[in-house]
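# A closer look at the structure
The primary structure of each chain is shown beneath.
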Amino acid sequence: MGRPVSGALGPAAEAERSRVRELATRLVRPRATEIDRDDRLPPEVIRELAEEGYFALGLPAEFGGKPVSTRTFSAVLEELSAASAAVAVTLAVHLSVCALPIADRGTPAQRERWLPALARGERIGAFALTEPGAGSDTASLRSRYERTADGYVLHGSKTFISNAASAGLVLVFATRDPARKSKGVSAFLVPGPTPGFSVVRRFEKLGLRGSETTELLFDGVRLPPDGLLGSEGEGLHVALGALTGGRIGIASCALGVARAAFEELLAAVRRDDADWKRAALARAYAELASARALVDGAADRKDAGLPFEREASVAKLVASRAAMSIASAGVDVAGPAGVRGGAPAGRLLRDARVFPIVEGTSEIQELILGRSLLDAPPSQTA
Ligand SMILES: Cc1cc2nc3c(=O)[nH]c(=O)nc-3n(C[C@H](O)[C@H](O)[C@H](O)COP(=O)(O)OP(=O)(O)OC[C@H]3O[C@@H](n4cnc5c(N)ncnc54)[C@H](O)[C@@H]3O)c2cc1C
């Protein structure tokens, strides 16, 4: 069966898709059950992805990066996620919400200092916005910073943070004064290890096991003046800009899970055909094709330099739902075998269930979408 394609990838991007598919099939897919069971990414996977330049995707060439279009970036994440969502999400977070914001907003010295190590995968990037009392409501964060004679000092805690246990580089958001709400927030670059910065605990999760998720403490972390990314008070702008682009990446990861679940479903229906299973397969195909069209469309708009906030939200919303729905149909068709330990159908369903939460929940995507529809002129709403 042909891959449902909405718009053609160029030859260079198709070559990149084939290259990463070969790598994912050889290196990642055979380890997917082990990654899920042990809740750990094998070091050889990270090493080879780094050697092959995947930690450098989209970063400027002058800092060791490998510039690619958003469509290519999306195709890479989809292919990796179809093999193991945990691997793809680790890469998506590293690039979309840590390395790329530094490339976009860093000073020349910050780019020189951090991007080459991030591009080589020597440092893994993390993004720390969520706090115990501030997730969707980003302007309520309580982590504090003070200005000092020689830089800044950070105090506070963050929760559900991906990638941070690897102690690479964490983009941390804190406020100078919670009363100033969104205007008080600034973004800081905290390398690991730094005195006062610690990982308090690592969470066990239902899905995306292997992608580490931790609670962090910043207890008087001292940073030099160039620990600040962007200007003071601009932090939420940095965060929301990163998350908007990041949503295309997370949607691509969800698309990879949707595709893997579709492929499992197709194989199961081929083995044991029945009318109701064919109908489930047909519905799954329609969901996969819709998700793909939306993810590709959002990536194309970003590549064309057009506004893409609404498209990124719809793509994440629909691709997350498609992953859950197709994975759930896979478990229905597999029957009891689908929920046995180590069964791919069960793993895909558990992985799919996490996508509606990360980088803005589905309800928050609906709020963004609703606002964008009401603010837009009628000619741009349908
Ligand atoms: C696996 C995983 C990895 C993560 N990685 C990171 C990371 O790397 N960095 C980071 O900063 N965060 C990360 N997060 C946190 C994630 O971004 C937050 O969990 C998410 O933004 C929701 O915030 P919250 O947990 O505080 O829930 P809340 O904001 O309290 O939301 C709880 C529920 O209420 C709904 N809700 C909230 N407000 C509204 C509203 N106004 N209207 C309608 N419904 C609403 C939400 O949709 C959700 O269903 C991760 C989370 C997970 C599960």
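Rules used in this analysis
One numbering rule holds for all chains: residues counted from 1, following each sequence as written. Only residues with pLDDT of 70 or above have their local features reported here, since the model is predicted, and side-chain atom pairs are shown and tallied only from 80 upward, although totals for entire chains, interfaces and linings are computed over all residues. Going along the chain from the N terminus, every DSSP run of H or I of four or more residues is numbered as a helix, and every run of E of two or more is numbered as a strand. How far a helix is expected to stretch is found by multiplying one less than its residue total by 1.5 Å. Bending is quantified residue by residue as the angle between axes fitted to the seven-residue window ending at that residue and the seven-residue window starting at it. Our exposure labels follow a C-beta count within 10 Å of each residue's own C-beta, placed from the backbone: buried means 20 or more other C-beta atoms, exposed means 12 or fewer, and partly exposed covers the counts in between. Note on geometry: axes are lines fitted to C-alpha atoms, helical ones only across the stretch in contact, with angles between N-to-C directions running from 0 to 180 degrees. Should an angle fall under 35 degrees it is called roughly parallel, over 145 degrees roughly antiparallel, and 65 to 115 degrees roughly perpendicular, with every other angle called oblique. It is the rotation of the near helix from the far one that decides the hand of a crossing: anticlockwise by less than a right angle makes it left-handed, clockwise makes it right-handed. Distance between backbone-placed C-beta atoms decides contact: two residues are in contact if it is within 7 Å. Gly is put with the polar residues, along with every residue not named as nonpolar or charged; the nonpolar set is Ala, Val, Leu, Ile, Met, Phe, Trp, Tyr, Cys and Pro, and the charged set is Asp, Glu, Lys and Arg. Placing the C-beta atom from the backbone, one calls a residue near a molecule or strand if that atom lies within 6 Å of it. As used throughout, domain bounds are those supplied by an automatic or database domain assignment. One requirement defines pairing of two strands: DSSP has to find at least two bridges between them. In these notes, a nonpolar core means any group of buried Ala, Val, Leu, Ile, Met, Phe, Trp, Tyr and Cys residues linked to one another through C-beta atoms within 7 Å. This arc is built from the directions going out from the helix axis to the C-beta atoms.

## Things to note about helix H5 (residues 85–105)
Between its first and last C-alpha, H5 extends 28 Å over 21 residues, near the 30 Å set by a 1.5 Å rise per residue. Approximately 35° is the largest bend angle found in H5, and it occurs at Ala 99, with the proline Pro 101 only one to four residues beyond. With respect to burial, H5 is a largely interior element, 19 of its 21 residues being buried.

## What to know about the packing of helix H1 (residues 11–28) against helix H4 (residues 70–83)
At a minimum axis separation of 9 Å, H1 and H4 run at an interaxial angle of 20°. As the angle between them shows, H1 and H4 are arranged roughly parallel. The handedness of the crossing between H1 and H4 is right-handed. Within the contact between the two elements, H1 uses Ala 13, Glu 16, Arg 17, Val 20, Arg 21, Ala 24, Thr 25 and Val 28 and H4 uses Arg 71, Thr 72, Ala 75, Val 76, Glu 79, Leu 80, Ala 82 and Ala 83. Considering only residue class, the contact of H1 with H4 consists of 9 nonpolar, 2 polar and 5 charged.

## Observations regarding the packing of H5 against helix H7 (residues 235–271)
A pair of packed helices is captured by two measures, namely the crossing angle of their axes and the spacing between those axes. At a closest axis distance of 9 Å, the pairing of H5 and H7 adopts a crossing angle of 155°. The angle between H5 and H7 falls in the class roughly antiparallel. Helix-helix and strand crossings are classified by hand; for H5 and H7 the assignment is right-handed. On H7, the residues that touch Ala 85, Ala 88, Val 89, Ala 92, Ser 96, Val 97, Leu 100, Pro 101 and Arg 105 of H5 are Val 238, Ala 242, Leu 243, Gly 245, Gly 246, Gly 249, Ile 250, Cys 253, Gly 256 and Val 257. Considered class by class, the residues forming the contact of H5 with H7 number 13 nonpolar, 5 polar and 1 charged.

## Concerning the site of the ligand
Neighbouring the ligand are 20 residues; Gly 135, Ser 136, Ser 162, Thr 361 and Glu 363 lie closest to it. For the shell around the ligand, the class distribution of residues is 12 nonpolar, 6 polar and 2 charged. Each of domain 2 (125–232) and domain 3 (236–380) contributes no fewer than three residues to the shell around the ligand.

## Re the pairing of strand E4 (residues 169–175)
Most of E4 sits out of view: 7 of its 7 residues are buried. Side chains Leu 169, Leu 171, Phe 173 and Thr 175 project from E4 onto one buried face, and the interleaved Val 170, Val 172 and Ala 174 project onto a second face that is buried too. In this sheet, E4 lies alongside strand E1 (residues 125–128) in parallel orientation, the contact comprising 4 bridges. Across the sheet, Ala 126 pairs through a bridge with Val 170, a residue of E4.

## Some words on the domain arrangement of the protein
With domains assigned, the protein is organised as domain 1 (11–119), domain 2 (125–232) and domain 3 (236–380). Each of domain 1 and domain 2 was reduced to a C-alpha centroid, and the two centroids are 23 Å apart. Contacts between the two partners involve 24 residues from domain 1, matched on the other side by 16 residues from domain 2. For the side of domain 1 that touches domain 2, the elements supplying multiple residues, two or more each, are helix H2 (32–38), H5 and helix H6 (108–119). Counting residues per element, the side of domain 1 that touches domain 2 draws most heavily on H5, which supplies 12 residues. Among the residues making up the side of domain 1 that touches domain 2, the classes are represented as 14 nonpolar, 6 polar and 4 charged.

## What to know about the environment of Val 295
Counting through the fold element by element, Val 295 comes out in helix H8 (residues 275–303). Under the C-beta neighbour-count criterion, Val 295 is labelled buried, with 35 such atoms within 10 Å.

## Things to note about the nonpolar core
Soluble, globular proteins show a tendency: their nonpolar side chains are buried together. Phe 188, Ala 258, Ala 319 and Ala 323 are the most contacted members of the largest nonpolar core, which totals 122 residues. The leading source of residues in this core is H7, at 19 residues. Not counting chain neighbours up to four residues away, the residues in contact with Ala 319 comprise Ala 251, Ala 254, Leu 255, Ala 258, Ala 291, Leu 294 and Val 295.

## Things to note about H6
For H6, built from 12 residues, the straight-helix expectation of 16 Å at 1.5 Å per residue is met to within 8% by its first-to-last C-alpha distance of 16 Å. All of the buried residues along H6 are Trp 114, Leu 115, Leu 118 and Ala 119. Relative to the axis of H6, the buried residues are bounded by an arc of 125° and lie together on one face. What points out from H6, more than 90 degrees from its buried face, is the exposed set Ala 109 and Glu 112. Buried positions along H6 lie against H5, E1, E4 and strand E5 (185–191). Taken from the residues just after H6, Gly 121 is the one with a positive phi, measuring 75°.

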